[in-house]
Amino acid sequence: MITALLVSLFASTAVAANAYAPVTGTCPSGSLVRAASGLSDSEETYRVARKAVADVALKAWLKNTNSGFGTSNLPTIALTTSGGGYRSMLSGAGVIQGLDGRDSSVSTSGLYQALTYQAGLSGGGWMLSSLAGNNYPTISYLRDELWKEAIRDSLLDPSFLLAAVAYAGITSDILAKEAAGFDTTIVDPYGRLLGYQLFEGSWGGVTNTLSGVTAYSNFTSHAVPYPILTALGAKVWLGECTPGPNGTTYELTPYEFGSWDADLSAFIQTKYLGTNMKSGVPVSSSKCVTNYDNLGFIAGTSSDVFSTLCVNAPDPVNDTNSLADTLAAIVDNAHEITTSDEYALYPNPFYEYKSSTQVPNSANNITAQKTLSLVDGGQALQNNPIFPFLQPARNVSVILVNDNSADTSDNWPNGTEILTTYVQSFNHGLSLMPFIPPVATFLSLGLNKRATFFGCDDSSKITIVYLPNNNYTFASDTATAKLIYSEDDTEAMIANGVEIATQGGDSSWGTCLGCAVMMKTGSSLPAACTACFAKYCYYGDE
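Residue numbering note: each chain is counted from 1, following its sequence as written. Local features are withheld for residues below a pLDDT of 70 in this predicted model, meaning they are given only at 70 or higher, and side-chain atom pairs are given and counted only at 80 or more; totals for whole chains, interfaces and linings count all residues. Side-chain figures throughout are based on the complete set of non-hydrogen atoms in the structure, without hydrogens or water.

Here the focus is the layout of surface pockets. Put simply, the largest pocket is a space of about 710 Å³. For each structure, a 1 Å grid was placed over the protein atoms alone; sets of points admitting a 1.4 Å probe that cannot get out are labelled cavities, open sets with protein on both sides within 12 Å along at least five of seven lines are labelled pockets, and lining residues have an atom within 4 Å of a point. If you trace the largest pocket, you find 33 residues lining it, with Ser 303, Val 305, Asp 376, Thr 480 and Ala 481 closest to the centre. Put simply, DSSP H or I for four residues or longer makes a helix, DSSP E for two residues or longer makes a strand, and each gets a number counted from the N terminus. Contributing elements (two or more residues each) for the lining of the largest pocket: helix 4 (85-99) and helix 11 (323-331). Counting residues per element, the lining of the largest pocket draws most heavily on helix 4, at three residues. Gly is put with the polar residues, along with every residue not named as nonpolar or charged; the nonpolar set is Ala, Val, Leu, Ile, Met, Phe, Trp, Tyr, Cys and Pro, and the charged set is Asp, Glu, Lys and Arg. Residue composition of the lining of the largest pocket, grouped by class: 13 nonpolar, 14 polar and six charged. Grid points are joined across faces, edges and corners, and a volume is the space filled by probe spheres set on the points. Empty space within the second largest pocket amounts to approximately 390 Å³. Among the elements that make up the lining of the second largest pocket, the one with the highest residue count is strand 12 (residues 344-347) (three residues).

Below, the structure is given as structure tokens:
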């Protein structure tokens, strides 16, 4: 059957190639790079405007949930969605559907409209990229109009018949980027393939860029939370294949790319990624690059697990059993494959730049490198993108953490990832994360199977509402490597995600979630909060 996807794949590859290649032009006035001394003016402006919109929605949700909530002082709320391939993309999408007042009628509906920030990495980053790259439609719309067919006929499976057509066009894209003077790796065709799964429009949304999200109507009207994807830097110049637990965390947002980590502590405008920079300025004022931030490439960066191949570079042959080898065969048309092709490569915008807030670290001398090698944000056992919301400048008070990690042999979370983030927060000088107990406590108390509130007894910390993946209506412990889902399974995974958001439709959950959101604001709380805190707050191992 000739589907809409098939038609798009047969479209002119020449246009797609031109649309993917970065473009060089005159540089704008003003600085492109800044020290990480706070939020950029652009993000701060968005944050303030979005918070005002979110407050209206939060007041309405609280009053609709329980009239006992006072609303004189309202917190800033963020949502994170973990990595985990399609498992996390679909489960996380269900959580959002359960929070979205446009798309559900459950106890949590309307809380998505009250979020100021949203972050995702890897599979969670796919979902967030798909939302943002399509101007934030409902999950129901994405499910029915894009995802069910795209994931059923997933181009990430090299054995799928349609892939041969897509691969031919994507080869042209990679050659065009190389011809424009930029290195490509297997993350380039990988990101292009992701585009066919995540974005509407011709040629797999090839014209979508991360910075381009700022022009979309739901963004310009501040109707949606500010999106943040994360990735990790690998110290390949020291022979490191994959980052350790203390790896540099990079944020990729519509306005900026960079890191708060002390050994870098700098950001560049996302729109000008790819520009040849030195000491914080373009090497040539007539040669600033745009279009490097292709949104599929960004999504691929955040989900790049190919560095785990390490010294065994992928074999550039079309192999129906190996995505890495098939991607390498595409890139082999542009250059000989090496281990560097396992990474998402970015010309280092911070080359020889000394940020005023940087603490130089000879063991991680990022600014001495001409190229940054980025990988999946969850590779160092930090599969929940929490770090962005521990930055005081963002003023986040409550984080909803949807953890769809595969910590166990049967692909369920067990607290390993959020615990690692807690431990590493000290190494990064971040003091706002509440105490997270050992994995043994998660298992003994069943915290890995139900919602838990962390930080209830410490007003100096952010409150974390932990929402782990669990089987409510569907066995959602699918393997991260599973690349094809039937339409029924896609729908069932999302529906189970709604149950994660509502805790299986618990009639008291809406009020309890409101209690968690408002507990540290000083506003009046319903009497029911006492029982909610007793049920969901983690106060210790008792």
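Time to look at the pattern of salt bridges. The rule for a salt bridge is simple: a side-chain nitrogen of Lys or Arg has to be within 4 Å of a carboxyl oxygen of Asp or Glu. Tallying each qualifying case throughout the model produces 15 salt bridges. A salt bridge links Asp 100 to Arg 102; the nearest nitrogen and oxygen atoms lie 2.9 Å apart. Using a 1.4 Å probe on the protein chains alone, a residue whose accessible area is under 20% of its type maximum counts as buried, one over 50% counts as exposed, and one in between counts as partly exposed. On the basis of relative accessible area, Asp 100 is assigned to the buried category, the value being 1%. Salt-bridge contacts for Arg 192 lead to Asp 173; the nearest nitrogen and oxygen are separated by 2.7 Å. In this pair, Arg 192 sits in helix 8 (residues 187-198) while Asp 173 sits in helix 7 (residues 161-179), placing the two residues 19 residues apart along the sequence. With respect to burial, Arg 192 and Asp 173 carry one shared label: buried.

Only a pair of cysteine sulfur atoms within 2.5 Å counts as a disulfide in this structure description. Using the criterion set out here, one finds five disulfides in the structure. With its sulfur 2.0 Å from that of its partner, Cys 456 forms a disulfide with Cys 537. One quick way to see it: the torsion about the S-S bond of Cys 456 and Cys 537 is about -85°, and its sign makes the bridge left-handed. With Cys 456 in the loop between strand 15 (452-454) and strand 16 (463-468) and Cys 537 in the segment after helix 16 (529-536), this pair connects stretches of sequence that are 81 residues apart. Of the two residues, Cys 456 and Cys 537, both sit in the buried class. Here the disulfide map of the protein chain reads 1-3, 2-4, 5-10, 6-9, 7-8, the bonded cysteines being numbered as they appear in the sequence.

Here the focus is the environment of Asp 315. One can find Asp 315 in the loop between helix 10 (295-302) and helix 11. Working rule for contacts: check all heavy atoms of both residues, and any pair within 4.5 Å makes them a contact. Asp 315 has contacts with Asp 325 and Ala 328, leaving out every residue within four places of it along the chain.

Here we take up the side chain of Thr 209. By secondary structure assignment, the location of Thr 209 is in the loop between helix 8 and helix 9 (217-220). One polar contact links the side chain of Thr 209 to the main-chain amide nitrogen of Gly 212, over a distance of 3.0 Å. Those residues in contact with Thr 209, other than ones at most four positions away along the chain, are Asn 291, Asp 293, Asn 294 and Leu 295. Two N or O atoms form a polar contact when they lie within 3.5 Å of each other; inside protein one atom must be a possible hydrogen donor and the other a possible acceptor, and for residues adjacent in sequence the pair counts only when both atoms belong to side chains.

The next point concerns the packing of helix 4 against helix 6 (residues 139-152). Packing of helix 4 against helix 6 leaves a shortest axis separation of 11 Å and a crossing angle of 165°. Comparing their axes, helix 6 and helix 4 come out roughly antiparallel. For the pair helix 4 and helix 6, the crossing hand works out as left-handed. Only Ile 139, Ser 140, Arg 143, Trp 147 and Ile 151 of helix 6 make contact with helix 4, whose side of the interface consists of Tyr 86, Met 89, Leu 90, Ala 93, Ile 96 and Gln 97. Here the residues of the contact of helix 4 with helix 6 are counted per class, giving eight nonpolar, two polar and one charged. Axis lines are fitted to C-alpha atoms, over the contacting stretch for helices. Their N-to-C directions set the angle, which ranges from 0 to 180 degrees. Oblique is the label for every angle not falling under 35 degrees (roughly parallel), over 145 degrees (roughly antiparallel), or within 65 to 115 degrees (roughly perpendicular). Crossings are classed by handedness, with left-handed meaning an anticlockwise turn of the near helix from the far one by less than a right angle and right-handed meaning a clockwise turn.

Turning our attention to the environment of Asp 183. With respect to the helices, strands and loops of the structure, Asp 183 is situated in the loop between helix 7 and helix 8. Between the C-alpha atoms of Asp 183 and Pro 347, which are 164 residues apart in sequence, the distance is 8.9 Å. Among residues more than four places away in sequence, those in contact with Asp 183 are Lys 177, Glu 178, Asp 188, Tyr 292 and Leu 345.

A separate point is helix 3 (residues 41-65). With 25 residues, helix 3 should cover 36 Å at 1.5 Å per step; its first-to-last C-alpha distance of 35 Å lies within 8% of that length. Among the residues making up helix 3, those that are buried are Glu 43, Tyr 46, Arg 47, Arg 50, Lys 51, Ala 54, Asp 55, Ala 57, Leu 58, Trp 61 and Leu 62. In this analysis, the expected span of each helix is defined as 1.5 Å times one less than the number of residues it contains.

Two rings from Phe, Tyr or Trp (for Trp, the six-membered ring) form a pair when their centres sit within 6.5 Å of each other. Planes less than 30 degrees apart are called stacked, planes more than 60 degrees apart edge-to-face, and all others tilted. Taken as a whole, this structure holds 28 aromatic pairs when the rule is applied. Ring geometry for Trp 260 and Phe 267: centres 5.2 Å apart, planes at 70°, overall edge-to-face. Residue classification places Trp 260 among the buried residues on the basis of a relative accessible area of 15%. On the basis of an interplanar angle of 35° and a centroid distance of 5.2 Å, the ring pair of Phe 297 and Tyr 346 is categorised as tilted. Placement of Phe 297 in helix 10 and of Tyr 346 in strand 12 is noted, with a sequence separation of 49 residues between them.

What follows deals with helix 15 (residues 509-518). Extensive coverage of helix 15 is indicated by the burial of ten of its ten residues. Along helix 15, the positions that sit buried rather than exposed are Trp 509, Gly 510, Thr 511, Cys 512, Leu 513, Gly 514, Cys 515, Ala 516, Val 517 and Met 518.

Residues belong to one nonpolar core when they are buried, are Ala, Val, Leu, Ile, Met, Phe, Trp, Tyr or Cys, and are joined through side-chain atoms within 4.5 Å. With 145 residues, the main nonpolar core has Trp 147, Tyr 346 and Leu 400 as its most contacted residues. Those residues within four positions of Trp 147 in sequence are excluded, and the remaining contacts are Met 89, Leu 90, Ala 93, Met 127, Ser 130, Ile 139, Leu 142, Arg 152, Gln 197 and Ile 494. Counting seven residues, the second-largest nonpolar core is a separate cluster that includes Ala 234, Cys 241, Leu 345 and Val 375.

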